[in-house]
Amino acid sequence: MKKTNLSMVLFACFFAAFPLAAQTQSPSLSPREAFKQSLAQLQQNFSADALRAKVIQSAASLDPAPAIPDDSRPFFIEGMTLHQEAKSPDDEKIALDSFAKALQIAPWWGDIYLGQSVSQELTGQFQAAEKSLHFYLLSNPGEAKSRSAQDHIYVLEAKMQKAHVAVEASQEQVEKRKNLTGWWQCKTGCAGYKWFQSDGTDIKGQVDTWSFEGHFD
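Quantities reported herein were computed from a predicted structural model and do not represent experimental measurements. Counting of residues starts from 1 at the beginning of each chain's written sequence and follows it residue by residue. The predicted nature of this model means local features are confined to residues of pLDDT at least 70 and side-chain atom pairs, given and counted, to a pLDDT of 80 or more, with totals for whole chains, interfaces and linings taken over all residues. Computation of side-chain values covers all heavy atoms of the structure but excludes hydrogens and water.

A. Highlighting the overall build of the chain. A count of helical and extended segments in the chain gives nine helices and four strands. Helix and strand assignments come from DSSP, with helices taken as H or I runs of at least 4 residues and strands as E runs of at least 2, each series counted from the N terminus. Going from the N terminus to the C terminus, the chain shows its helices and strands as α-α-α-α-α-α-α-α-α-β-β-β-β. Looking at the chain as a whole, 35% of its 217 residues are labelled buried. Every residue pair with non-hydrogen atoms within 4.5 Å of one another is taken to be in contact. If you take every contact in the chain between residues at least 6 apart in sequence, the share linking residues at least 24 apart comes to 49%. Using a 1.4 Å probe on the protein chains alone, a residue whose accessible area is under 20% of its type maximum counts as buried, one over 50% counts as exposed, and one in between counts as partly exposed.

Structure below.
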């Protein structure tokens, strides 16, 4: 089974579009002005991952770093609090809403991506969690934290591989159950052959005057 290296895919997605984005900026802009311009562009299109990556890296390269807006902090703290008190995946989804609001205001703030990644992982969104960790790494959190984040990316890749195997096994089981469709000989309480229909999830049949319906667990 071929394992997808999401790290390489994200790397290509992040940086392949940078030259195009750079064409929209004047070469006379200072690094801080270029950051502000890229930030304004991102806020017009929050789904632009390459632009998001550029904003994060630009912010990380500035000295002093851009100040974290006060409007973003309550949402970040709210997200962390909801995560710490979460007792179910649905609770974690509420925390993710808060992290998303914080990122709309401060999309370069690496700590939000880290918190978001944890909640995404706990809701089974392994690919999204890995993507968030890549954004976190672009914020240049320091050698030790970067090493820890990269190691956890390997953990997420292993979980994605395991989930992929489980999905394949489930699909294989569904296909086998579909083969139950056909004529079956009735030996107890009836005679002859009866027709049963299975879509791999449910099975239905008609035996004389009564009908049968079942669901596979």
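Additional details are given in the paragraphs that follow.
B. Local environment of the environment of A102. Mapped onto the elements of the fold, A102 is located in helix α6 (residues 89–105). When the C-alpha atoms of A102 and Y113 are compared, they prove to be 9.9 Å apart, with eleven residues separating the residues in sequence. If sequence neighbours within four positions are ignored, A102 has contacts with S72, F75, F76 and I112.

C. Focus on the nonpolar core. The criterion is simple. A nonpolar core is a set of buried Ala, Val, Leu, Ile, Met, Phe, Trp, Tyr and Cys residues joined through side-chain atoms within 4.5 Å. Formed by 31 residues in total, the largest nonpolar core has its most connected members in F35, W108 and I112. Mapped by element, the contributors of at least two residues to this core are α3 (31–44), α4 (49–61), α6, α7 (110–122), α8 (126–138) and α9 (143–178). Counting residues per element, this core draws most heavily on α8, which supplies six residues. Among residues more than four places away in sequence, those in contact with W108 are F35, L39, V55, I56, A59, P66, A67, I68, P69 and S139.

D. A look at the pattern of salt bridges. Salt bridges, as used here, are contacts in which a Lys or Arg side-chain nitrogen is within 4 Å of a carboxyl oxygen on Asp or Glu. Evaluation of the coordinates by the stated rule reveals three salt bridges. In this structure, D49 and K131 form a salt bridge, with 2.4 Å as the shortest nitrogen-oxygen distance. With D49 in helix α4 and K131 in helix α8, the pair connects residues that are 82 residues apart, well separated along the chain. Two residues, K159 and E121, come together in a salt bridge whose shortest N-O distance is 2.5 Å. With K159 in helix α9 and E121 in helix α7, this residue pair connects regions lying 38 residues apart in the sequence. For E121, a relative accessible area of 15% gives the class buried.

E. Representation of the packing of aromatic side chains in the model. Stacked, edge-to-face and tilted are the three classes for Phe, Tyr and Trp ring pairs, Trp counted by its six-membered ring, which pair at centre distances within 6.5 Å; planes under 30 degrees apart are stacked, over 60 edge-to-face, the rest tilted. For the structure on display, the rule yields four aromatic pairs. Consider the rings of F76 and F99, whose centres lie 6.3 Å apart with planes at 45 degrees: the pair is tilted. Separated by 23 residues along the polypeptide, F76 in helix α5 (residues 73–85) and F99 in helix α6 bring together distant segments of the chain. Across this residue pair, the class does not change: F76 and F99 are buried. Between Y113 and F135, the aromatic rings sit 5.3 Å apart at their centres with planes inclined by 40 degrees, giving tilted as the arrangement. Of the two residues, Y113 is situated in helix α7 and F135 in helix α8; the sequence distance between them amounts to 22 residues. By relative accessible area, which is 5% here, F135 ends up buried. Clustering of aromatic rings is evident, with ring pairs tying together F76, F99 and W109. When the ring centre of F135 is taken as origin, the NZ or CZ atom of R52, which lies over that ring, is 5.9 Å away. Remark: a charge is flagged as sitting over a ring if the NZ atom of Lys or the CZ atom of Arg is within 6 Å of the ring centre and within 35 degrees of the ring normal.

F. Region of interest: α8. For α8, built from 13 residues, the straight-helix expectation of 18 Å at 1.5 Å per residue is met to within 8% by its first-to-last C-alpha distance of 19 Å. Turning to α8, its buried residues number three or more, namely F126, A129, E130, S132, L133, H134, F135, Y136 and L138. Looking one or two places after α8, you find N140, whose phi comes out positive at around 55 degrees. One less than the residue count of a helix, multiplied by 1.5 Å, gives the span that helix is expected to have.

G. Region of interest: the side chain of S117. Mapped onto the secondary structure, S117 falls in helix α7. Definition of a polar contact: a pair of N or O atoms within 3.5 Å, with one able to donate and the other able to accept a hydrogen when the atoms are protein atoms, and with sequence-neighbouring residues admitted only if both atoms are side-chain atoms. Among the polar contacts made by the side chain of S117, one reaches the main-chain carbonyl oxygen of A129 at a distance of 2.9 Å. Leave out the neighbours within four places in its chain, and S117 touches A129, S132 and L133.

H. Structural view of unusual backbone geometry. In this structure, the amide linkage connecting D63 to the following residue, P64, adopts the cis form with an omega of 5 degrees. Structurally, P64 is set in the loop between α4 and α5. Positive phi, close to 55 degrees, is recorded for N140, a residue that is not glycine. Relative to the assigned elements, N140 resides in the loop between α8 and α9.

None of this, on its own, says anything about what the molecule does.
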